[in-house]
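# A look at the structure
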Amino acid sequence: MKTIIKMLFVALLIIGTTFIAHGRSLQAPVDQKPDKYEVTTQLVEEKGTYEQRKLYREFLTEYMKNCPYISNFNIHEEIDSHNDHDVVWTYDVNNWDDITKFYSWVTNQLKASKNNGLKTAMTPYAPDYAIGGRIQVEKRDKAALAKY
């Protein structure tokens, strides 16, 4: 009887150790960076001359550095478009929820004041500010993250 109890105790000890070791191997290392996602949104700038819209793009890019939910914000003309009003916004987020937070942040900034910088930078998209556009999200690979 004592032999059976000893064997069960040893078996439980081995099984418990295996489960603990396996559980720890499933945890992400502490120094591992969170996944990054690159968001691409196709938009149309409705107002302004080409030179004005280029200036607004620079101003908007600078203003977006204040947004806590995105990084690496950039605006460029859509490739293979015959219309220089077609632009693409690209930016990085840490998770899917940050996309929603970003658009909420933009909406709140636009409502905050009649003469704020974001409203001025968004002039080409006024009056409707249809900035949801066509959104595409891709997971960034580690090599792409290394350059930032």
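All values derive from a computational prediction rather than experimental measurement.

Basis of the calculations
Residues numbered from 1 in each chain as written. Predicted model: local features only at pLDDT ≥ 70, side-chain atom pairs only at ≥ 80, totals over all residues. Heavy atoms only, no water. Helix = DSSP H or I, 4+ residues; strand = E, 2+ residues; numbered from the N terminus. Buried < 20%, exposed > 50% of the residue type's maximum accessible area, 1.4 Å probe, protein only. Contact = heavy atoms within 4.5 Å. Areas by Shrake-Rupley, 256 points an atom, 1.4 Å probe, with all protein chains shown as cover. Pairing = 2+ DSSP bridges. Axes fitted to C-alpha atoms, helices over the stretch in contact; angles between N-to-C directions. pLDDT = per-residue confidence, 0-100. Expected span 1.5 Å × (residues − 1). Arc of directions from axis to C-beta. Polar contact = N/O pair within 3.5 Å; in protein donor to acceptor, adjacent residues only side chain to side chain. Salt bridge = Lys/Arg side-chain N within 4 Å of Asp/Glu carboxyl O.

## So, the overall build of the protein
In terms of regular secondary structure, the protein is built from 5 helices and 4 strands. Counting all 148 residues of the protein, 27% fall into the buried class. A sequence separation of at least 24 residues applies to 69% of the contacts in the protein between residues at least 6 apart. Total accessible area on the protein is roughly 10,400 Å²; 57% of this is exposed by carbon and sulfur atoms.

## What to know about the sheet that holds strand β2 (residues 71-77)
Here 4 strands make up an open sheet; going across it, the order is β2-β3-β1-β4 and the pairing antiparallel. Both edges of this open sheet fall to β2 and β4 (134-139), since each of them pairs with a single strand only. Neighbour-to-neighbour, the strand axes of this sheet turn through a mean angle of 15 degrees, independent of strand direction. Bridging between β2 and strand β3 (residues 86-93) involves 5 bridges; their strand directions are antiparallel. When the sheet's bridge partners are listed, H76 is paired in β3 with V88. Contacting β2 and β3, helix α2 (residues 50-63) crosses the sheet at an angle of about 170 degrees to β2.

## A look at the confidence of the model for the protein
Per-residue confidence for the protein averages 80 on the pLDDT scale, and 70% of its residues sit at or above 70. Confidence drops under a pLDDT of 50 for residues 8-12, and excluding neighbours within four residues, the segment shows 0 contacts in the predicted structure. Low pLDDT (under 50) marks residues 21-26, which in the prediction has 0 contacts with non-local residues, meaning those over four places away or in another chain.

## A look at α2
In a regular helix each residue adds 1.5 Å, so 14 residues correspond to 20 Å; α2 covers 20 Å between its end C-alpha atoms and thus fits that length. Residues of α2 that are buried include every one of R53, R57, L60 and Y63, and no others. Along the long axis of α2, the arc covered by the buried residues comes to 130 degrees, so they all point the same way. Of the exposed residues in α2, those oriented more than 90 degrees away from the buried face are E51, L55 and E58. Looking at the buried positions of α2, the neighbouring elements they touch are β2, β3, α3 (96-112) and α4 (117-121).

## Some details on the side chain of E45
Of note, E45 is situated in the loop between β1 (37-44) and α2. Within the structure, the side chain of E45 is placed 3.1 Å from the side chain of R53, a separation counted as a polar contact. A polar atom in the side chain of E45 sits 2.9 Å from the side chain of R57. When neighbours within four sequence positions are excluded, E45 is seen to be in contact with R53, R57, D84, H85, V87, P124 and Y125.

## A few points about the pattern of salt bridges
As enumerated under the stated definition, the model contains 6 salt bridges in all. Taking the shortest distance from any N to any O, the salt bridge between E45 and R57 comes out at 2.9 Å. Note that E45 is positioned in the loop between β1 and α2 and R57 in helix α2, a separation of 12 residues in sequence. The residues E45 and R57 share a single accessibility class, namely buried. Across the pair R57 and E77 runs a salt bridge whose closest N-O atoms are separated by 3.4 Å.

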